[in-house]
Amino acid sequence: MKRILALLVTLAMVFALAACNNDSSGNKDGDVETIKIGVVCPISGNSAIAGKYITHGVEVIENELGGKIEIKGKEYDIEFIYMDNEASEEKTTNVFQKLIEEEKVIAIVGPDMSKCALAAGPIAQNAKCPVVATFATNTAVTEVGDYIFRACFIDPFQGQMAAQYIWDSGYKTTAIMFNNADAYATGLTDAFKEVYTSLGGTVVAVEEYSGSDVKDYNVQLTKLAAADPECVFFPNLLGELGLQIQQARGVGITCPIVCGDSADTPEVGEVAGPAVKDVAYVSAFSAESTAPVAVEFVEKYTALHNGESPNSNAELAYEATQMVLYALQNADSLTRESVRNALANINGLELPSGAMTMGDDRNPIKGGVVMQYDADGVSHFVSSVNPS
Amino acid sequence: MKKLLKTFYPALLVVALYIAVTLLRSVGILNGYYIQVMMFAGINIMMTASLNLVNGFTGQFCIGHAGFMSLGAYGAAIVTTMLFKNVPAFAQIPVFLLGLFVGGCVAALIGALIGLPSLKLKGDYLAIVTLAFGEIVRAILRLIQPIGGARGMIGIPNYANLAWILFFMTLTLYLLRNLIYSPYGRAFIAIRDNEIAADAMGIDTTRYKITSFCIAAFIAGVAGGLYAHVLAFIQPDSFSFTKSSDFLVYLYAGGSGSLTGSILGAALLTVLPEILRFLTDWRLAVYAAILVIVMLYRSEGLCGGKELPFMRISRAALYEKPLFGGRKKDSAVSGKQ
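The model shown is predicted, which means the values in this text are computed figures rather than measured ones.

Attention now goes to the overall build of chain B. When helices and strands are tallied, chain B shows 14 helices and 2 strands. Over its C-alpha atoms chain B spans a radius of gyration of 20 Å, differing by no more than 12% from the 20 Å that the globule rule assigns to 337 residues. Seen through its principal axes, chain B has C-alpha atoms that stretch 60 × 50 × 50 Å. For chain B, the residues scored as buried account for 46% of the 337 residues in total. A sequence separation of at least 24 residues applies to 78% of the contacts in chain B between residues at least 6 apart.

Right, let's get into the overall build of chain A. From N to C terminus, chain A includes 12 helices and 16 strands. What you see for chain A is a C-alpha radius of gyration of 23 Å, in line with the 21 Å of a compact globule of 388 residues. Overall size of chain A, expressed as C-alpha extent along the three principal axes, is 75 × 60 × 40 Å. Within chain A, the proportion of its 388 residues that are buried is 51%.

Facing 25 residues of chain A, the contacting portion of chain B comprises 23 residues. Of all the secondary-structure elements, those providing two or more residues to the side of chain A that touches chain B are α1 (2–28), β3 (74–84), α3 (89–102) and α4 (114–127) of chain A. If one sorts the elements of the side of chain A that touches chain B by residue count, α3 of chain A sits on top with 8 residues. Taken together, the residues of the side of chain A that touches chain B break down into 12 nonpolar, 5 polar and 8 charged.

What follows concerns helix α10 (residues 241–254) of chain B. Residue and element names in this part refer to chain B. Here α10 spans 20 Å end to end across 14 residues, near enough to the 20 Å set by a 1.5 Å rise per residue. Residues of α10 that are buried: Lys-243, Ser-244, Phe-247, Tyr-250, Leu-251, Tyr-252, Ala-253 and Gly-254. Buried positions along α10 lie against α2 (32–57), α3 (65–83), α5 (125–143), α11 (259–275) and α12 (283–297).

This part takes up the nonpolar core. One finds Ile-108, Ala-124, Val-132 and Val-258 of chain A together with Ala-223 and Leu-226 of chain B to be the most contacted residues of the largest nonpolar core, which totals 210 residues. The contact partners of Val-258 of chain A, leaving out residues within four places of it in the chain, are Ala-162, Tyr-165, Ile-166, Cys-231, Phe-233, Ala-280 and Tyr-281 of chain A.

Below, the discussion takes up the sheet that holds strand β2 (residues 68–71) of chain A. All names here are of chain A. Taken in spatial order, the 6 strands make up an open sheet running β2-β3-β1-β4-β5-β6, and their pairing is mixed. Two strands close off the open sheet at either side, each with one partner strand: β2 and β6 (148–150). Pairs of neighbouring strands in the sheet enclose a mean axial angle of 30°, with direction left out of account. With 3 bridges connecting them, strand β1 (residues 34–41) and strand β4 (residues 107–109) associate as parallel partners. Each residue of the ladder has a partner; that of Val-39, found in β4, is Val-109.

Moving on: the domain arrangement of chain A. Each domain of chain A was delimited in the assignment, giving domain 1 (34–153 + 293–366) and domain 2 (156–283). For domain 1 of chain A and domain 2 of chain A, the distance between their C-alpha centroids amounts to 32 Å.

Between two packed helices, both the angle of their axes relative to each other and the distance between the axes serve to describe the pair. Residues and elements named next belong to chain B. Where helix α4 (residues 89–119) contacts helix α9 (residues 205–231), the two axes come as close as 7 Å, and the packing angle between them is 145°. For the pair α4 and α9, the sense of crossing is right-handed. The class makeup of the residues in the contact of α4 with α9 is 16 nonpolar, 10 polar and 1 charged.

Across residues other than glycine, the phi torsion is negative in most instances, and most of the peptide bonds are trans. Residue and element names in this part refer to chain A. For the peptide bond that leads from Gly-110 to Pro-111, omega is 0°, which places it in the cis range. Among the structural elements, Pro-111 can be located in the loop between β4 and α4. The backbone of Ala-87 shows a phi angle near 55°, a positive value even though the residue is not glycine. For Ala-87, the location among the structural elements is in the loop between β3 and α3.

This next bit is on the pairing of strand β11 (residues 279–283) of chain A. The side chains of a regular strand alternate, first on one face of the sheet and then on the other. Residue and element names in this part refer to chain A. Burial analysis of β11 places 5 of its 5 residues in the buried class, which makes it a mostly covered element. For strand β10 (residues 257–259) and β11, the ladder comprises 3 bridges, and the chain directions are parallel. Within β11, the position partnered with Cys-259 by the bridge is Tyr-281. Since β10 and β11 lie parallel, the crossover through helix α9 (residues 266–272) that links them has a hand, and here it is right-handed.

Calculation notes
- Per chain, residue numbering runs from 1 following the sequence as it is written.
- The naming scheme follows written order: chains are lettered A onward, ligands numbered 1 onward.
- Predicted model: local features are reported for residues with pLDDT of at least 70 only, side-chain atom pairs are reported and counted for 80 or more only, and whole-chain, interface and lining totals are derived from all residues.
- Helix and strand definitions follow DSSP, with helices as H or I runs of at least four residues and strands as E runs of at least two, each counted in order from the N terminus.
- Radius of gyration here is computed from C-alpha atoms only, and the compact-globule reference equals 2.2 Å multiplied by the residue count raised to the power 0.38.
- Note on burial: count the other C-beta atoms lying within 10 Å of the residue's C-beta; 20 or more is buried, 12 or fewer is exposed, in between is partly exposed, and C-beta positions come from the backbone.
- By the convention adopted here, residues are in contact when the distance between their C-beta atoms, placed from the backbone, does not exceed 7 Å.
- Gly is put with the polar residues, along with every residue not named as nonpolar or charged; the nonpolar set is Ala, Val, Leu, Ile, Met, Phe, Trp, Tyr, Cys and Pro, and the charged set is Asp, Glu, Lys and Arg.
- Residue count minus one, scaled by 1.5 Å, sets the expected span of a helix.
- Residues enter a nonpolar core if they are buried, belong to Ala, Val, Leu, Ile, Met, Phe, Trp, Tyr or Cys, and are joined to the set through C-beta atoms within 7 Å.
- For two strands to pair, DSSP has to find at least two bridges joining them.
- For helices, the axis comes from a line fit to the C-alpha atoms of the stretch in contact; other axes are also lines fit to C-alpha atoms, and the angle between any two N-to-C directions lies between 0 and 180 degrees.
- Here the limits of each domain have been adopted from an automatic or database domain assignment.
- What makes a crossing left-handed is the near helix being turned counterclockwise from the far one by less than a right angle; a clockwise turn instead makes it right-handed.
- By definition, the crossover connecting two strands over a helix is right-handed if that path, from the first strand to the second, turns clockwise as seen with the strands pointing away from the viewer.

Rendered as structure tokens:
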């Protein structure tokens, strides 16, 4: 009996495999009219929430297109193929192979994580298939090759945005405290200093500490307070920010505090308590943004997904897909190579986070938003920042 | 001649498989996706078979096998990416092999270090120690900046291909099979079946347990080296406890104490999630359900202590009487005595 069952299970598997093969070969035949775009995200596994937002973001566009896209006066069928990478590098490489070799997609949106993009990037590069990673912030991701793009800004770019915002707000002197053992913090600090001084501002004090284990920042903060800056900049990780904000207010730093996008989590408010009031941070996107494109996106998104509000994952997936569609519209022909060239030449594309231009290093040059916490630890949209 | 053929026909089968795959690839029936999945399946077979040596044949319980894999991956990647980078084409293969060897040695050495204190004791200490070991390796690798720290190591050359993986997989299975049917193997199995009895029979249990553990660690290290050179990118968090538990699942679903089971378990369970892709959201739920069904109907695993002919050496050829065959293990042992 057991043997028969085992045999049946095996047979079922073989048939399933055969069925898969038939499907893919059926797709391969003939239909040049269908444009396929792969979407790679963690639908299951421990990052499934991010995957849910990403699919929801892409679905906004899929729903709007209704399976058809008009390119240079000709109508094509368009299909989005969602692939689960379980947030694992290994699975991402499998999925990339499947999308490129079997589904013959013209471009891939995703993955959202740097580690997955780094592992699967070489596969797409070798096959010359354009990829727009959504939330992969590691600078090495686009250095894999000229077919790898990203939709998010890289870490140092946040330093530029923060500098721009602080300067535009009229603060002429700034003091910085940062974690010198962390690539995120050092990257933001270097970029900030460069842009801020070139705008005409003065960095009056820079204090360093090493590692996330530090819990007492009073020595550094007292020195910052003594420099009497008009504004302070904390480009540090979220586990450190809460205590830093609390202790900064404790040693009498009353001026505005600005942080990087790591402050974009409720935990900061929970640790810092009421001290978090008026702390500002730069971020990719806010659902409260007042820009018309952003308002339109948020309206469509909430309407499609029963009132759910989009987060950064959803918004970046939407933007990455918009970039691919824009490239399809502007490509010389519908080949991977032309789409890549069109992606590299994106100039002034209107996206929810602002006008976007593709930089030479395949990192987008685009705006972000500044958010500010209220006394309850809830952040609100303050303004949009566009790179100058 | 016939005897030679008999000894090597499993290896010939693998060569035939490789030729078949290459042919199918060249006519476009198999694409890069299938090759990729097969490479991971091969690596997983090596990992599962080596884990089987410790858990299935020696009766110990190692639950941090991914830790050895990470040591091997980093060891090999340091050799090929940092010590001998940009070598000319003719030197690539020696460098690659050296890397794999170094990776395996690092893993075996660390395996001996943590095996020595914990395997002297009887009981489940090894489980706790290996669990902690896996996490410690991960934490330490995260801190070492020259090899990328938590961000991982990038730019590892793509040296490993299907041929290499099949070669090392066959070599591993061949060595493990011969080991299990050697006096060492009989000692391992005696320890698994009853450690006190084995001790009383004059087997140096500590020595044999450490030997088995180190060999398994070495193979895991080589498999890790191959993994690094397939993926071209490694980071400490890839080798988390989840990865170790994957191998445990492959092992027990395939059947512990059976090399055929390790092959079947690792290969099927690597391929199954990919076959089930057409189910989209329900994919992992169905995968889990299939595992549960397998465990319900075959609690000893798919192969449960049985071997296919090519993974078995005829007992009759070695001794007058079979030492153990299938379920009649106990009577066979007493029969020998």
